[in-house]
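Here are the chains, one letter per residue:
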Amino acid sequence: MTLWGGRFDSAPADAMAALSRSVHFDWRLAPYEIEVNRIHLKNLVDQGVVSKENGKKIESALLDLAKDIGSGSFKYTDADEDVHSAIERGLTERCGELGGAIRAGRSRNDLVVTDFKLYLIDHLLEIASQISAMVKVINTQAANNLDVIAPGFTHTQHAQPITFAQELSKHSHALLRDIDRIFDWLKRNSFSPFGAGALAGSSIQPNPEKVAKDLGFSGAMANSIDAVGDRDFVAEALFDLAMLGVHLSKIGEEFVLWSSTEFGWVKIADAYSTGSSIMPQKKNADIAELARGKSGRFIGNLTSLLVVLKGLPFAYNRDLQEDKEPVFDSIDQLLILLPAITGMIETAQFNSAAISKGAADGFSLATEIADFLAKKQIPFATAHEVAGECVKFCEKNGIELDQLSDAQLIAIHPALTGEVKVFLNVQGAVASRTSSMGTSQKSVTAALSQLKKEISAVDEVIANQRKRLSGMI
Ligand code: ARG
């Protein structure tokens, strides 16, 4: 069924109908549309556009339809153009011509964007709660690895020793920012476009603020043309999801590297590994590679929407129908990816001996020499140079920094006394970095307990937002 046609002499050509049709992907908006219809109907009765008696009949048809959609006994057909046409058909099948009354005072232009916003609020909250679950398992693994000292890398080269707990928990901070972005999205975008009609507002819809509140939004949008044309909230959501995808890809890359035979830092549990069809001995980290690979489509989805929006005249244009599939794809993929990666991290076995083995390799303690001299008021540029000379000397003579004799040290620089050797061990180097963001066990322990507080605050916000939403849908 289509919701138009009175002024047309012929039915749409099959090719036209196929192009126009969106019901096969926008059908998932049906539960949100039912709720919008329920609130809208109340408003139509309040306005006297629908009598109380008819309002009751339509409402009970709407409830029946909701039940039938839930049980799967009402389905869209090939003839339905979109979710809106399918639902109106379902309604008229249940209460006759009266079903068509629901269309007063609104347009598909404001309806579709209202449904879509409700869908996004609902699903972004689900994504946030899945991220929170991941942060919790990362934090547990980090807490179990507070005493493990690892080589820290920059440019994938040994840089400085770090606690492995800090290496793991850095992901928690990035993921918490992803949740924070979702909260920020909710704050800015929980405003209802309903009541904008096609673009100019509606005389039958004089109080969009009230409808917005009844729908559970924070308020109504201020300008009806903006309300039907705005897709900033879609682009923002796709960015937030792409950023999350990029974070997951970085986790994936680490697990690929760390699970290689050469590293041997982590064993991914069998339940989260895959094999090879030809090489029976193989155990592959496909899960981590998929985390890395899927980020491509999240970024692509954001890009495709921005290209649709660029240069579009304001108000509603049919191009905007292209806004939904990228979002559905990013959300669907993330809802598959997040629990898989959480499970992989939760069941991963870290090999502390392999991790700490190389912590002092690559002269990773050279900065300690420079810092020792800087604390003796030697200008850092000189101190850096001196430490570099120590590395050169050791490399030439095939020894490590802590094997330099007192005489050799003093010969390189008069301020470089044997006391420096206290700092030339990975434990000392790590323990000395006690600032709040530093790598010492003390700092990382404090950071982990702060993370714990933040994540329970996050869980509370998600629970409260969901309560608000349960009034909406
Ligand atoms: N299916 C459209 C969309 O997803 C909504 C329909 C609006 N159609 C129209 N001709 N104004 O954006």
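Each remark here, short or long, concerns the structure printed above.
On a predicted model such as this, the values are computed, not experimentally measured, just so you know.

(A) Main features of the overall build of the protein chain. Secondary structure summary: the protein chain contains 18 helices and six strands in total. Scaling as 2.2 N^0.38, a compact globule of 473 residues should have a C-alpha radius of gyration of about 23 Å, whereas the protein chain reaches 30 Å, well beyond that. In terms of principal-axis extent, the alpha carbons of the protein chain reach across some 100 × 55 × 40 Å. Counting across all 473 residues of the protein chain, residues that qualify as buried make up 47%. Element-wise, carbon and sulfur atoms account for 55% of the exposed surface of the protein chain, whose accessible area totals about 22,200 Å². Mean positive and mean negative side-chain charge positions of the protein chain (48 and 59 charges, respectively) differ by 3 Å.

(B) Structural view of the side chain of N139. By the secondary structure assignment, N139 is in helix α6 (residues 108–143). According to the relative accessible area criterion, N139 is buried, its value standing at 13%. Polar side-chain contacts of N139 include one of 2.7 Å to the side chain of S172. Leave out the neighbours within four places in its chain, and N139 touches S172, L448 and L451.

(C) Representation of a nonpolar patch on the surface. A cluster of nonpolar side chains, contributed by L199, I225 and F314, occupies part of the molecular surface with about 290 Å² of accessible area. Considering the arrangement of structural elements, one finds L199 in the loop between β3 (191–192) and α8 (208–214).

(D) Up close: the site of the ligand. Neighbouring residues of the ligand: S22, D82, R108, N109, V112, Y316, Q321 and K324. Here N109 contributes a side-chain N or O atom positioned 2.8 Å from a nitrogen atom of the ligand. For the ligand, an oxygen atom lies 2.8 Å from a polar atom in the side chain of K324. Here the shell around the ligand takes three residues from α6, the largest share from any one element. When the residues that make up the shell around the ligand are grouped by side-chain class, the tally is two nonpolar, three polar and three charged.

(E) Layout of unusual backbone geometry. Phi is positive for T156, close to 55°, though the residue is something other than glycine. Secondary-structure assignment places T156 in the loop between β1 (149–154) and β2 (157–163). Among the residues examined, T156 registers a relative accessible area of 61% and is labelled exposed. Here the phi dihedral of A315 falls at roughly 70°; this positive angle occurs in a residue that is not glycine. Mapped onto the fold, A315 is located in the loop between α11 (286–309) and α12 (324–347). By relative accessible area, which is 10% here, A315 ends up buried.

(F) Just the environment of D26, in detail. Tracing the backbone shows D26 in helix α2 (residues 23–26). Given a relative accessible area of 2%, D26 falls into the buried group. In this structure, the C-alpha to C-alpha distance between D26 and V386, residues 360 residues apart in sequence, is 66 Å. If sequence neighbours within four positions are ignored, D26 has contacts with D82, V83, K324 and F328. A distance of 2.9 Å separates the side chain of D26 from the backbone nitrogen of V83, its partner in a polar contact.

(G) Summary view of helix α4 (residues 52–71). Between its terminal C-alpha atoms α4 stretches 29 Å, which fits the 28 Å expected from 20 residues at 1.5 Å a residue. Among all positions in α4, only G55, I58, A61, L62, L65 and I69 are buried. Take α4 and look down its axis: the buried residues cluster within an arc of 130°, on one side only. In this structure, α4 carries K52, E53, K56, K67, G70 and S71 as exposed residues pointing more than 90 degrees from its buried face. In this structure, the buried side of α4 is in contact with α3 (30–46) and α5 (83–95). Trailing α4 by a residue or two, G72 shows a phi angle of about 90°, which is positive.

(H) The arrangement of the pattern of salt bridges in detail. Summed over all chains, the structure comprises 30 salt bridges. Salt-bridge contacts for D459 lead to K136; the nearest nitrogen and oxygen are separated by 2.7 Å. Of this pair, D459 sits in helix α18 (residues 441–470) while K136 sits in helix α6, and the two are 323 residues apart along the sequence. Relative accessible area serves as the criterion here: at 26%, D459 is assigned to the partly exposed category. Owing to a relative accessible area of 36%, K136 belongs among the partly exposed residues under this scheme. With a closest N to O distance of 2.9 Å, R188 and E236 form a salt bridge. With R188 in helix α7 (residues 164–189) and E236 in helix α10 (residues 232–258), this residue pair connects regions lying 48 residues apart in the sequence. One continuous salt-bridge network, built from bridges that share partners, spans D68, D80, R89, E93 and R94.

(I) Quick peek at the packing of α10 against α12. For the pair α10 and α12, interaxial distance at closest approach is 11 Å and the crossing angle is 30°. In terms of their interaxial angle, α10 and α12 are classed as roughly parallel. Considering how the two elements wind past one another, α10 and α12 form a crossing that is left-handed. Contact with α10, carried on its side by V234, L238, L241, L244, L248, I251 and F255, involves P326, V327, S330, I331, L334, L337, L338, I341, M344 and I345 of α12 and no other residues of that element. Looking at the contact of α10 with α12 residue by residue, the class counts come to 16 nonpolar, one polar and no charged.

(J) Representation of the packing of aromatic side chains within the structure. Per the counting criterion, the structure on display carries 18 aromatic pairs. Ring plane angle 80° and centroid distance 6.0 Å describe the contact between F116 and F328, whose orientation is recorded as edge-to-face. Highlighted residues: F116 in helix α6 and F328 in helix α12, separated in sequence by 212 residues. A connected cluster of aromatic rings, assembled from ring pairs, spans F153, F164, F255, W258, F263, W265 and F350. Stacked on the ring of F8, the Lys or Arg R7 has its end atom at 6.0 Å from the ring centre. Over the aromatic face of F423 sits the side chain of K375, whose NZ or CZ is 5.6 Å from the ring centroid.

Conventions adopted
- Residues numbered from 1 in each chain as written.
- Predicted model: local features only at pLDDT ≥ 70, side-chain atom pairs only at ≥ 80, totals over all residues.
- Heavy atoms only, no water.
- Helix = DSSP H or I, 4+ residues; strand = E, 2+ residues; numbered from the N terminus.
- Rg over C-alpha atoms; globule rule 2.2 N^0.38 Å.
- Buried < 20%, exposed > 50% of the residue type's maximum accessible area, 1.4 Å probe, protein only.
- Areas by Shrake-Rupley, 256 points an atom, 1.4 Å probe, with all protein chains shown as cover.
- Lys, Arg positive; Asp, Glu negative; His and termini not counted.
- Charge placed at Lys NZ, Arg CZ, Asp CG, Glu CD.
- Polar contact = N/O pair within 3.5 Å; in protein donor to acceptor, adjacent residues only side chain to side chain.
- Contact = heavy atoms within 4.5 Å.
- Patch = residues over 30% accessible without salt bridge, like charges linked within 9 Å, V, L, I, M, F, W, Y side chains within 5 Å.
- Salt bridge = Lys/Arg side-chain N within 4 Å of Asp/Glu carboxyl O.
- Near = heavy atom within 4 Å.
- Nonpolar A, V, L, I, M, F, W, Y, C, P; charged D, E, K, R; others polar.
- Expected span 1.5 Å × (residues − 1).
- Arc of directions from axis to C-beta.
- Axes fitted to C-alpha atoms, helices over the stretch in contact; angles between N-to-C directions.
- Parallel < 35°, antiparallel > 145°, perpendicular 65-115°, else oblique.
- Left-handed = near helix turned anticlockwise from the far one by under 90°.
- Phe/Tyr/Trp six-rings, centres within 6.5 Å; stacked < 30°, edge-to-face > 60°.
- Lys NZ or Arg CZ within 6 Å of the ring centre and 35° of its normal.

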